[in-house]
Amino acid sequence: MTIAPAPAATILAGDADWWRQASVYQIYPRSFADANGDGIGDLKGIISRIPYLSELGVDAVWLSPFYPSALADGGYDVDDYRDVDPKIGTLAEFDEMVAALHTAGIRLIVDIVPNHSSDRHEWFQAALAAPAGSPERDRYIFRDGKGENGELPPADWTSIFGGPAWTRVADGQWYLHNFAPEQPDFNWRNEEVRQDFRETLRFWSDRGVDGFRIDVAHGLAKDLADELPSQAELDELPKDGFHPMWDRDDVHEIYAEWREVFDEYDPPRIAVAEAWVEADRRARYASADGLGQAFNFDLLEADFDADQFREIVSFNLDLAAQSGSSTTWVFSNHDVVRHATRYGLPPRGADKEVKQGKEWLLSGGSEPALDAEIGLRRARAATLFELALPGSAYLYQGEELGLHEVAEIAPEARQDPTFFRSPGEDVGRDGCRVPLPWTREGSSFGFGSGDAHLPQPEWFGASSVEAQDDDPSSTLSLYRRALALRHELQSDETLEWLEEISTGNVLAFSRPSGWVTVTNFGDEPVDLPAGEVLLTSAPLEDGRLPAATTAWLRAA
Ligand code: NOJ
């Protein structure tokens, strides 16, 4: 049944640059708010919490996948790109949500997952039913196997979630899945695939969606020779634009086609690429002829360290200036250990290969290393630093409550495929996806009237919205105040480092509006420059900025 799109609210029309310095709040829909009590968050739940989002003061929401899905990968296995999962709601409720967000002055970005569908997608089902070499199989990446009877995979590749990247089907052929077996990779050389995604972009744009977050944006274009390289050979290949699978130059031909679709709308729809590429190749994704913006995960990967932060900020502001885009700042999302927890673990130093699961074992092992208090204190300081930077800030649901990662999830309650596909190595991402606590007590801490789909720990009540709402020292109050002030203080997309203060463990910068930010990354209190103190991430001590604290001032 087709339901007429809701009229896009006019309140937000017109500003084509709204995204450049927006604060964007990521909602992981199945864990945000559950209106019908089935344990899974839903669109009605989101609608009921729009007043909360308004009070928080965010400019936009990024909604992780809400499409029909068997949830083999938390919804990133999509059965149908142009519908709503019945477990979550209906298209009519989606329209209602868009209208209500727009009325509240909040824009909406939805997740698009173009690298792979789910194995339940009608195209993959058709491919399974069709013979080798058929047009149905050509929409995906099917190959004959090796060995005498094709019993060996076409290559020994490992998927990103662990385990083999090729799976055999009933007639003996194999298909490629860079993620879980339930996520077959599309063949983007197939014109039908290209056309269908353009139609999907129009479908949601017509319903009033303001933009898109593009999943695995660096993976769509593939060039697979008849004789495939081994995994060891793949790992050695330079990522210079011609790798068979990742960050190929020709992926941008797809995004040039998408740009034409985005520009059919007024204001043009926006897009942000999730592209894990070398930093100097990010600008291509952020180009105005392509997606327009790309995630920069550099701060997310850094320690709480003045030198690392300064270098990352300067580098990314230069990069943004080159592409004409604005940069994005992220500390937490649904794929990584929450930053309050990361900052309470020992620093990783230069070892960026430390995977989140291993990092987590540090605190879950026999000698717990997590210092939860310092972790949250640093997270608050880092967030205040982030919210003062030029560019857009992506916030993940629950970080405004200062939530820590949930460690205490029993193996049988876990859902993330990375946990099951890398036994013992990676606990997976469920710990940051536990449904939000809205109330101190009660069923699922106010998430819904039933049990939450992932178990919530006892300590969630003390971090709930209810517990923080009226407490001026709470993390929720800090985010509300910061987001409101940010609207007042944002100016053009530049900053100036204040060299006389930015020494040792201290970083200070000013924005043209006269907004000064000072962060003390060290252990000892430091003096603040002259000016009116507007907000601090922890109380000042005798007028000085204590350890692991950020202050915002209006220059004297
Ligand atoms: C990136 C998404 O953020 C992650 O959650 C997902 O598992 C992979 N892409 C595969 O879609």
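Preceding this paragraph is the structure being described.
Computed from a predicted model, the values in this text were never measured in an experiment.

Q: Please clarify how the overall build of the protein chain should be interpreted in this entry.
A: A tally of helices and strands in the protein chain yields 17 helices and 16 strands. Over its C-alpha atoms the protein chain spans a radius of gyration of 23 Å, differing by no more than 12% from the 24 Å that the globule rule assigns to 556 residues. Counting only C-alpha atoms and orienting by the principal axes, one finds that the protein chain spans roughly 75 × 50 × 45 Å. In the protein chain, which comprises 556 residues, the proportion classed as buried is 61%. Long-range contacts, defined as pairs at least 24 residues apart, comprise 68% of the intrachain contacts of the protein chain with a sequence gap of at least 6. Accessible surface for the protein chain amounts to roughly 21300 Å². Of this, 50% is attributable to carbon and sulfur atoms. The average position of the 48 basic charges and that of the 98 acidic charges among the side chains of the protein chain differ by 1 Å.

Q: Explain the sheet that holds strand β10 (residues 328–330) here, please?
A: Strand pairs in the sheet, formed through backbone hydrogen bonds, run parallel or antiparallel to each other. Sheet architecture is open: eight strands sit in the order β9-β8-β7-β3-β2-β1-β11-β10, paired in parallel fashion. Edge positions in the sheet fall to β9 (292–294) and β10, since each of these pairs with one other strand and no more. Averaged over all pairs of adjacent strands, the angle between strand axes in this sheet comes to 25 degrees, irrespective of strand direction. Judged from the four bridges that link them, strand β2 (residues 60–63) and strand β3 (residues 107–112) form a sheet pairing that is parallel. Looking across to β3, one finds that Trp-62 is bridged to Ile-109. Set on the sheet, helix α8 (residues 251–262) makes contact with β3, β7 (211–214), β8 (270–273) and β9; between it and β7 the angle comes to about 160 degrees. Packing against the sheet, helix α17 (residues 475–489) makes contact with β1 (23–27) and β11 (392–396), and its axis sits at approximately 160 degrees to β11.

Q: Which parts of the structure should I look at to understand the site of the ligand?
A: The local shell around the ligand holds 13 residues, among which Asp-73, His-116, Asp-215, His-334 and Asp-335 are the closest. Here an oxygen atom of the ligand and a side-chain polar atom of Arg-429 are 3.0 Å apart. A total of 300 Å² of accessible area belongs to the ligand in isolation, and the protein chains cover 97% of it. Looking at side-chain class alone, the shell around the ligand contains four nonpolar, two polar and seven charged residues.

Q: What exactly am I supposed to notice about the sheet that holds strand β6 (residues 174–176) here?
A: If you trace the three strands from one edge of the open sheet to the other, you get β4-β6-β5, paired in antiparallel fashion. Because the sheet does not close on itself, it has two edges, and the strands there are β4 (142–143) and β5 (166–168). Strand direction decides the pairing type here: β5 and β6, joined by three bridges, are antiparallel. Opposite Thr-167, over in β6, you have Tyr-175 as the bridge partner.

Q: Can you help me understand the environment of Ile-40 in this one?
A: Structurally, the position occupied by Ile-40 is in the loop between β1 and α1 (43–48). Classification of Ile-40 by relative accessible area gives buried; the value is 17%. In contact with Ile-40, not counting residues within four places along its chain, are Arg-30, Asp-34, Lys-87, Phe-447 and His-453.

Q: Which parts of the structure should I look at to understand the pairing of β8?
A: On a regular strand, each side chain points to the face opposite its neighbour's, so the side chains alternate between the two faces of the sheet. In β8, alternate side chains face the same way, and those of Ile-270 and Val-272 on one face and Ala-271 and Ala-273 on the other are all buried. Pairing geometry for β7 and β8, over four bridges, is parallel. Across the sheet, residue Gly-211 finds its bridge partner in β8, namely Ile-270. Relative to β9, β8 runs parallel, the two being bridged by three bridges.

Q: I tried to follow the nonpolar core on my own but got confused; where do I start?
A: The tendency in soluble globular proteins is for nonpolar side chains to be buried side by side. With 133 residues, the main nonpolar core has Phe-94, Trp-204 and Trp-258 as its most contacted residues. It is α17 that contributes the most residues to this core, seven residues altogether. In this view, Phe-94 contacts Leu-43, Leu-63, Phe-66, Val-84, Leu-108, Val-110, Trp-204, Arg-207 and Val-209; residues no more than four positions away in its chain are not counted. In this structure, Ile-141, Phe-179, Leu-228 and Leu-234 belong to the second largest nonpolar core, which totals 16 residues.

Q: Please explain helix α3 (residues 91–103) as it appears in this structure.
A: Quick reminder: α-helices carry 3.6 residues per turn. Residues three or four places apart thus point the same way. A rise of 1.5 Å per residue sets the reference length of α3, with its 13 residues, at 18 Å; its end C-alpha atoms lie 18 Å apart and thus fit the reference within 8%. Turning to α3, its buried residues are Leu-91, Glu-93, Phe-94, Asp-95, Met-97, Val-98, Leu-101 and His-102. Of the surrounding elements, those touching the buried residues of α3 are α1, α2 (50–56), β2, β3 and α6 (191–206). Among the residues trailing α3, Gly-105 stands out with phi positive, at a value near 80 degrees.

Q: Just to check I follow, could you spell out the pattern of salt bridges for this structure?
A: Between side chains of opposite charge, a pair can form when the charged atoms approach closely. Inspection of the entire model under this criterion finds 36 salt bridges. A salt bridge links Arg-82 to Glu-199; the shortest N-O distance between them is 3.4 Å. Placement of Arg-82 in the loop between β2 and α3 and of Glu-199 in helix α6 is noted, with a sequence separation of 117 residues between them. Take Arg-82: its relative accessible area is 23%, and that puts it in the partly exposed class.

Q: Can you help me understand the packing of aromatic side chains in this one?
A: How two aromatic rings sit relative to each other is given by the distance of their centres and the angle of their planes. Overall, the coordinates contain 44 aromatic pairs when judged by the stated rule. Aromatic pair Trp-123 and Phe-186: ring centres 6.4 Å apart, planes at 90 degrees, arrangement edge-to-face. Note that Trp-123 is positioned in helix α4 (residues 122–129) and Phe-186 in the loop between β6 and α6, a separation of 63 residues in sequence. For the pair Trp-123 and Phe-186, one class covers both residues: buried. With a centroid separation of 5.7 Å and an interplanar angle of 45 degrees, the aromatic rings of Trp-157 and Trp-166 are classed as tilted. Judged by its relative accessible area of 2%, Trp-157 is buried. Taking relative accessible area as the criterion, Trp-166 reaches 2% and is therefore assigned buried. Over the ring of Phe-419 we find Arg-414; its NZ or CZ atom is 5.6 Å from the centre of that ring.

Reading guide: rules and limits
Residues numbered from 1 in each chain as written. Predicted model: local features only at pLDDT ≥ 70, side-chain atom pairs only at ≥ 80, totals over all residues. Heavy atoms only, no water. Helix = DSSP H or I, 4+ residues; strand = E, 2+ residues; numbered from the N terminus. Rg over C-alpha atoms; globule rule 2.2 N^0.38 Å. Buried < 20%, exposed > 50% of the residue type's maximum accessible area, 1.4 Å probe, protein only. Contact = heavy atoms within 4.5 Å. Areas by Shrake-Rupley, 256 points an atom, 1.4 Å probe, with all protein chains shown as cover. Lys, Arg positive; Asp, Glu negative; His and termini not counted. Charge placed at Lys NZ, Arg CZ, Asp CG, Glu CD. Pairing = 2+ DSSP bridges. Axes fitted to C-alpha atoms, helices over the stretch in contact; angles between N-to-C directions. Near = heavy atom within 4 Å. Polar contact = N/O pair within 3.5 Å; in protein donor to acceptor, adjacent residues only side chain to side chain. Nonpolar A, V, L, I, M, F, W, Y, C, P; charged D, E, K, R; others polar. Core = buried A, V, L, I, M, F, W, Y, C linked by side-chain atoms within 4.5 Å. Expected span 1.5 Å × (residues − 1). Salt bridge = Lys/Arg side-chain N within 4 Å of Asp/Glu carboxyl O. Phe/Tyr/Trp six-rings, centres within 6.5 Å; stacked < 30°, edge-to-face > 60°. Lys NZ or Arg CZ within 6 Å of the ring centre and 35° of its normal.

That's the geometry; what it means functionally is another story.
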